[in-house]
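A structural walkthrough
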Amino acid sequence: SLTAKVSAIADSVFSRCPAVHNELINRTKLSGTSNSALNKLMLAILSEDCEDASFGFSTERFPPEKGIYLSCLQKKGWHTPAAEIPIAGEWLNVKRVKNLPEDHRDAFVVWSDAVTRIKDSVGLVTVDQLYDFWMAPPYGMTLGVCKLWAMALFKSLERHLAFYDLDSSKNW
């Protein structure tokens, strides 16, 4: 059928696209609620909460950011509270993707490819360039997932990266 052929072509073009099952964040244009939840979760990544096994979330409440955390960070292997580095810390020494749990493999590949891209870059790598890298084939990720995973990637590499911001004159 036509649908099966189109699906096969998409699978071929976007062969490294991770499966992300969260309708709040897996979109190019986020709603106000999704954007607010994403911002709260990204702030939590930068805080001490990421060292906590529950990421600082209460067991009695279930805000949108908790759902995003569970489906996009915890389930995919990004959150590693028992490791020395609480975000993607267990991935730093992985030699073979097959050694990881199956749910973590596609996220690890995206993380690993981004780390390689940053390491192999001659100059600076901007956040926009990272988003473009992940949104193009073979990944085809949405902007919402790119934002979250970029923050997690930077947190995982914070001991190895220097962060720069443009000033008002557009200089570093």
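Our subject is the structure listed above.
Residues numbered from 1 in each chain as written. Predicted model: local features only at pLDDT ≥ 70, side-chain atom pairs only at ≥ 80, totals over all residues. Heavy atoms only, no water.

**Topic: the packing of helix H4 (residues 102-120) against helix H6 (residues 143-156)**
What counts is decided by this rule: With axes taken as lines fitted to C-alpha atoms, and helix axes fitted only over the stretch in contact, angles between N-to-C directions fall between 0 and 180 degrees. For the purposes of this entry, the term helix denotes a DSSP run of H or I that reaches at least four residues, the term strand denotes a run of E that reaches at least two, and both are numbered from the N terminus. By the definition used in this description, the sense in which the near helix is turned from the far one sets the handedness, with an anticlockwise turn below a right angle giving left-handed and a clockwise turn giving right-handed. Note on definitions: a residue-residue contact is assigned when non-hydrogen atoms from the two residues lie within 4.5 Å. Any residue that is not Ala, Val, Leu, Ile, Met, Phe, Trp, Tyr, Cys, Pro, Asp, Glu, Lys or Arg is counted as polar, Gly included; the first ten are nonpolar and the last four charged.
Running from amino to carboxyl end, H4 crosses H6 at an angle of 65 degrees, the nearest separation of the two axes being 11 Å. Remark: the crossing between H4 and H6 carries right-handed chirality. Across the interface between the two elements, Ala107, Val110, Trp111, Ala114, Val115 and Ile118 from H4 touch Trp149, Leu153 and Ser156 from H6. A breakdown of the residues in the contact of H4 with H6 according to their chemical character gives eight nonpolar, one polar and no charged.

**Quick notes on the packing of aromatic side chains**
Spelled out, the test is: Working definition: rings of Phe, Tyr and Trp (its six-membered ring) pair if their centres are within 6.5 Å, and the pair is stacked with planes under 30 degrees apart, edge-to-face with planes over 60 apart, and tilted otherwise. Think of it in three bands: residues with accessible area under 20% of the maximum for their type are buried, residues over 50% are exposed, and the middle band is partly exposed, with areas taken using a 1.4 Å probe on protein chains only.
Under the counting rule described, the total for this entry stands at ten aromatic pairs. Pairing phenylalanine 133 with tyrosine 139 gives two aromatic rings, centres 5.1 Å apart and planes at 55 degrees, and the pair type is tilted. In terms of burial, phenylalanine 133 and tyrosine 139 fall into one category: buried. Ring geometry for phenylalanine 154 against phenylalanine 163: centres 5.8 Å apart, planes inclined by 80 degrees, an arrangement best described as edge-to-face. Residue classification places phenylalanine 154 among the buried residues on the basis of a relative accessible area of 17%. Through pairs of rings, three or more aromatic residues link up here, namely Trp78, Trp91, Phe108, Trp111 and Trp149.

**Brief notes about H6**
This is how it is decided: In this analysis, the expected span of each helix is defined as 1.5 Å times one less than the number of residues it contains.
For H6, spanning 14 residues, the distance from its first C-alpha to its last is 20 Å, which sits close to the expected 20 Å at 1.5 Å a residue. Within H6, eleven of the 14 residues are buried, which leaves it mostly tucked inside the rest of the structure. Buried within H6 we find Gly144, Val145, Cys146, Leu148, Trp149, Ala150, Ala152, Leu153, Phe154, Lys155 and Ser156. If you follow the buried residues of H6, they end up packed against helix H2 (32-46), helix H3 (64-74), H4 and helix H5 (127-135).

**Some remarks on unusual backbone geometry**
A cis amide bond links proline 137 with the next residue in sequence, proline 138, at an omega value of 10 degrees. Inspection of the secondary structure assignment puts proline 138 in the loop between H5 and H6. Positive phi is not limited to glycine here, since alanine 88 has a value of about 60 degrees.

**Considering the packing of H2 against H3**
Short version of the rule: Angular relationships are summarised with four words: roughly parallel below 35 degrees, roughly antiparallel beyond 145, roughly perpendicular across 65 to 115, and oblique for the angles in between.
The contact between H2 and H3 brings their axes to 8 Å, and the two run at 65 degrees. By the criterion of interaxial angle, the relationship of H2 to H3 is roughly perpendicular. Considering only the axes of H2 and H3, their crossing is right-handed. In this structure, H2 uses Thr33, Ala37, Leu38, Lys40, Leu41 and Ile45 to contact H3, whose residues at the interface are Pro64, Glu65, Ile68, Tyr69 and Leu73.

**Re the side chain of threonine 80**
The following threshold applies: Polar contact criterion, stated in full: a pair of N or O atoms within 3.5 Å, where within protein one must be able to donate a hydrogen and the other to accept it, and residues adjacent in sequence count only if both atoms are side-chain atoms.
With respect to the helices and strands, threonine 80 occurs in the loop between H3 and H4. Using a relative accessible area of 3% as the deciding quantity, one classes threonine 80 as buried. Within the structure, threonine 80 has its side chain in polar contact with the backbone oxygen of isoleucine 85 (distance 2.9 Å). Here the side chain of threonine 80 touches glycine 89 through a polar contact of 3.0 Å, landing on its backbone nitrogen.

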